[in-house]
Each structure stands twice: as structure tokens, then as C-alpha cells.
Amino acid sequence: MIIMIKTDKQLKVPKWSKNEINRWADYIELRCLYMDDHLVSKDDVLDIFIDEDLDELQRGEAEHSLKYDKLSSVIGNYYEIIKYRKSKHPDYYPFDIEDDRCIVLKDNLENKHLHYIYLLLCSSLSFMDQSSMQKITHAFEKYCCPFMRLLVPVDARTELFGTTRDTNLFHGNLRSRIEQLAEFLGAQTTKTMDADKRYDRIKAGDAGLDIVSFLKLDEASHIPVALAQCTCSYDEWINKQESINSDTWRTRIDPIAPFWRYMYVPFYCHNASGKFEQLTDIHTCLIDRQRILCLLDLHHELFEQLESLQLQVIINNIWGFD
């Protein structure tokens, strides 16, 4: 399958900090999808950065050489992350690495490669228009649901709570859905929430809760429960963890047992050593691209469960692949 992106949005160089190694590695992979020859070398990225930093790089030969070497080192770090990604999940990685200096799209893409490309595109909201952004974020919530089912008790019920829900378990405006959730948990809404009229006006909102799992053992409260937030935003995922913290939900539902909290993101949060980059910012069970691919590898039944999402169609509709 030959891939060609028909939009030029990827050509705009982002204003990200060069320390955002995983984000820039994603950008390099995106350019590899976009370019006619589907190849991006270290020199290509260096040229991009030099063009962007041209004024600074023209301040004297010695300083120019120092900045040039620094940029080369930074780009080397991006390619180290790329090599790590390929080594960690070679069956899913859709690019080859040639001479340790460039990546090139594989000639023959398989279903596993589509999952990687899909997650890469989910991580690329800054290159999308508003309509495409909504489609990809809604699709990602549905994509995460089968993974959530693997991480909770086997008999637990796992459902979408927010705007992407397609079952009748949760329905109505936000207040109605929170009341329904409280009833499923053998609890009730709090007086604080009952008095807050904002919940009546919010019809499509999710109060920061995208997926809920619970195990209805009996009619009493304090049953096992897990809440999940899904986000495709590199910029917002850290703060969005707070939308599913205990203090927030205890102002809405009482009583509620201590619960597991999951954050699903389609991008990498691991560094080239296999550890998380921002340990102090993580307050939930973080499922990033690497862990999603690990779960796919461990549970092949997920491929069948995710077929209904038609990843190829989503990719085609949003990015104009041929």
C-alpha cells in the first residue's frame, strides 16, 4: 500500500521546545509519511532547524559552529528515540532505519503497521483542523475501551461515559448520566452537585470522565470501580489527570470506594531507556503508545475487537491517504 498525504499542514515547522524529544520524533515520522520519497534523514531535519534558526546561526563563525553541533546532537537524540521505538515493537513500526541516519516508510504495510500510524495521527492534533480533531479524539476514546476491559476485573462492565458513547447505559445530559453512574455504584449524588445548576445545562459534556468500569457485586455501595480519561493532547494530558481524581468525584458521588484511575494517550511518554520521561507529573496509571502496543502484542483478540473502528477508513478520511 502506498501512502500519500494530500495536505501541506505537516510542512509547517512547529514552535515546540527542542527538548520535547518524543514529540519531535513524531514529527519526523509524520514527515516521512508526507514526503514523496517517504524518507527523512538527519540532514533533512537539520536543514529544517537551520532555516528556522537562520538569524541566530549567522552570528559569527565560531558561534555558528557551536550551534550547528548542538542542533546535530539534539537531532541525534530524536533518532535514538526512533531506534528505540523500532526495537521495542518491530512488528508494529511502519518505518525502516537506514545507515542510522534516516527513516523510510516500509514498502508493504500490514494491519499492525496501521495501528501505529493511527496512534501517530492521534498524537498530531496540532496539524488538524477542528473537524478532523473531533473525529480523531472521539475515535480514540472508542479505541481505548477494549484496552480498559483488559485492565479491570474480567466481569466488570466497561462503558463510554462521554460524547462518544453509543450504548443506552448512560444517556441524557451530564447530570442524568452522573446520577445513573451513582445508582450503578450503589451510591447517590451529593448535595453539592444537586445544588449546582451547571450540570443541567451541560448536555454533551463528560465532566472529564471518558470511560467507566464497575463490578456490580450487589446493591450496596463501595463496589470495585475504575475511571479513565483519554486525551490526544501533548499539552493537556498532565492536567487532565485531575478530572478523574478522588476529591473531584467525591464532590459528585457519595459514597464511592477508592478507585483505579487510568490515563490513555496515543503518544510515547517513554524515553530511550524505557522509563517515563516526566515521572513527577504522572498521577494515574498511564497507558501511552508503548503500552497500547504491548497490550496489542499480548492480546491478539484485540485486533478483532477493534476491527469495527475501521482504522484504515479513519486514516483515509482525515489525512487523505491513497
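Just so it is clear, the structure is predicted and the values come from calculations on it, not from any experiment. (Residues numbered from 1 in each chain as written. Predicted model: local features only at pLDDT ≥ 70, side-chain atom pairs only at ≥ 80, totals over all residues. Heavy atoms only, no water.)

A.B. asks: Describe the confidence of the model for the protein, listing the residues and the values that go with them.
C.D. replies: Mean pLDDT for the protein: 88, with 88% of residues reaching 70 or above. Predicted confidence for residues 1-10 stays below pLDDT 50, and this span has 40 contacts to residues more than four positions away or in other chains. (pLDDT = per-residue confidence, 0-100. Contact = heavy atoms within 4.5 Å.)

A.B. asks: Describe the pairing of strand S7 (residues 225-230), with residues and values.
C.D. replies: By the criterion of burial, S7 is predominantly enclosed, with 6 of the 6 residues buried. Neither face of S7 is exposed, since Val-225, Leu-227 and Gln-229 on one face and Ala-226, Ala-228 and Cys-230 on the opposite face are all buried. As paired strands, strand S6 (residues 211-214) and S7 are joined by 4 bridges and run antiparallel to one another. If you follow Phe-214 over to S7, its bridge partner there is Val-225. Bridge count between S7 and strand S9 (residues 260-264): 5 bridges; the pairing is parallel. (Buried < 20%, exposed > 50% of the residue type's maximum accessible area, 1.4 Å probe, protein only. Helix = DSSP H or I, 4+ residues; strand = E, 2+ residues; numbered from the N terminus. Pairing = 2+ DSSP bridges.)

A.B. asks: Describe the side chain of Ser-243, listing the residues and the values that go with them.
C.D. replies: Along the chain, the position of Ser-243 falls in the loop between helix H10 (237-240) and helix H11 (246-250). Of note is the side chain of Ser-243, whose polar atom sits 3.0 Å from the backbone oxygen of Gly-208. Apart from residues lying up to four places away in sequence, Ser-243 is in contact with Ala-207, Gly-208, Gln-229, Thr-248, Trp-249 and Arg-252. (Polar contact = N/O pair within 3.5 Å; in protein donor to acceptor, adjacent residues only side chain to side chain.)

A.B. asks: Hey, could you go over the pattern of salt bridges for me, with residue numbers and the actual values?
C.D. replies: A side chain with one charge may pair with a side chain of the opposite charge, provided their charged atoms come close. The final tally for this structure, using the stated rule, is 16 salt bridges. Between Arg-23 and Asp-235 there is a salt bridge, and its shortest N-O distance comes to 3.1 Å. You can see Arg-23 sitting in helix H1 (residues 21-34) and its partner Asp-235 sitting in the loop between S7 and H10, a full 212 residues away along the chain. Residues Asp-100 and Lys-83 are paired through a salt bridge, measuring 3.0 Å at the closest nitrogen-oxygen approach. Residue Asp-100 is located in the loop between strand S2 (95-98) and strand S3 (102-105), and its partner Lys-83 is located in helix H4 (residues 61-88); the two are separated by 17 residues in the primary sequence. (Salt bridge = Lys/Arg side-chain N within 4 Å of Asp/Glu carboxyl O.)

A.B. asks: Mind laying out the sheet that holds strand S1 (residues 39-41), listing which residues take part and the relevant values?
C.D. replies: Read across the open sheet, the 3 strands follow the order S1-S3-S2; overall the sheet is antiparallel. Where the open sheet ends on each side, the last strands, each with one partner, are S1 and S2. With strand direction ignored, the average angle separating the axes of adjacent strands in the sheet is 20°. Across 4 bridges, the pairing between S2 and S3 is antiparallel. Counted as the bridge partner of Glu-98 is Cys-102 from S3. (Axes fitted to C-alpha atoms, helices over the stretch in contact; angles between N-to-C directions.)

A.B. asks: Lay out the nonpolar core with the relevant residues and their values.
C.D. replies: Tyr-118, Phe-140, Tyr-143, Tyr-264 and Leu-296 are the most contacted members of the largest nonpolar core, which totals 71 residues. Sequence-distant contacts of Tyr-118, that is, excluding residues within four places in its chain, are made with Ile-136, Ala-139, Phe-140, Tyr-143, Leu-311, Ile-314 and Ile-315. Counting 23 residues, the second-largest nonpolar core is a separate cluster that includes Leu-209, Ile-244, Trp-249 and Ile-253. (Core = buried A, V, L, I, M, F, W, Y, C linked by side-chain atoms within 4.5 Å.)

A.B. asks: Explain the sheet that holds strand S10 (residues 285-287) to me, and be specific about the residues and the numbers.
C.D. replies: Across the sheet, 5 strands lie side by side as S4-S6-S7-S9-S10; this open sheet has mixed pairing. Pairing within the sheet leaves two strands with one partner each, and these edge strands are strand S4 (157-160) and S10. In this sheet, neighbouring strand axes are inclined to one another by 20° on average, regardless of whether the strands run parallel or antiparallel. In the packing of helix H6 (residues 130-150) onto the sheet, the strands contacted are S4, S6, S7 and S9, and the crossing angle to S4 comes to about 170°.

A.B. asks: Requested: an account of the packing of aromatic side chains, with residues and values cited.
C.D. replies: Enumeration according to the criterion identifies 22 aromatic pairs in this entry. Relative to Phe-49, the ring of Trp-24 lies with its centre 5.0 Å away and its plane at 85°, an arrangement referred to as edge-to-face. In this pair, Trp-24 is assigned in helix H1 and Phe-49 in helix H2 (residues 42-52), connecting sequence segments 25 residues apart. Ring geometry for Phe-49 versus Tyr-78: centroids 6.3 Å apart, planes at 85°, classification edge-to-face. (Phe/Tyr/Trp six-rings, centres within 6.5 Å; stacked < 30°, edge-to-face > 60°.)

A.B. asks: Would you mind going over a negative patch on the surface in detail, with residue names and values included?
C.D. replies: On the surface, Asp-36, Asp-37, Asp-44, Asp-47 and Asp-51 cluster together to form a negatively charged patch. The topology assignment puts Asp-44 in helix H2. (Patch = residues over 30% accessible without salt bridge, like charges linked within 9 Å, V, L, I, M, F, W, Y side chains within 5 Å. Areas by Shrake-Rupley, 256 points an atom, 1.4 Å probe, with all protein chains shown as cover. Lys, Arg positive; Asp, Glu negative; His and termini not counted. Charge placed at Lys NZ, Arg CZ, Asp CG, Glu CD.)

A.B. asks: An account of unusual backbone geometry is needed here, citing residue identities and associated values.
C.D. replies: Here Asp-254 and Pro-255 are connected by a cis peptide whose omega angle stands at -5°. Mapped onto the elements, Pro-255 comes out in the loop between strand S8 (253-254) and S9. Even without glycine at this site, Asp-100 takes up a positive phi of about 65°.

A.B. asks: I'd love a proper account of the environment of Phe-161, names of residues and values included.
C.D. replies: Tracing the chain through its elements places Phe-161 in the loop between S4 and helix H7 (174-184). For Phe-161 and Leu-209, which are 48 residues apart along the polypeptide, the C-alpha to C-alpha distance reads 6.5 Å. When neighbours within four sequence positions are excluded, Phe-161 is seen to be in contact with Phe-170, Leu-174, Arg-177, Ile-178, Leu-181, Asp-206, Leu-209, Asp-210 and Ile-211.

A.B. asks: Pulling in residues and values, what's your account of the environment of Cys-144?
C.D. replies: Mapped onto the elements, Cys-144 comes out in helix H6. On the accessibility criterion, Cys-144 (0% relative accessible area) is buried. Along the backbone, Cys-144 and Leu-160 are 16 residues apart, and their C-alpha atoms lie at a distance of 9.6 Å. Beyond its immediate chain neighbours, meaning those up to four positions away, Cys-144 contacts Ile-211, Cys-230 and Tyr-264.

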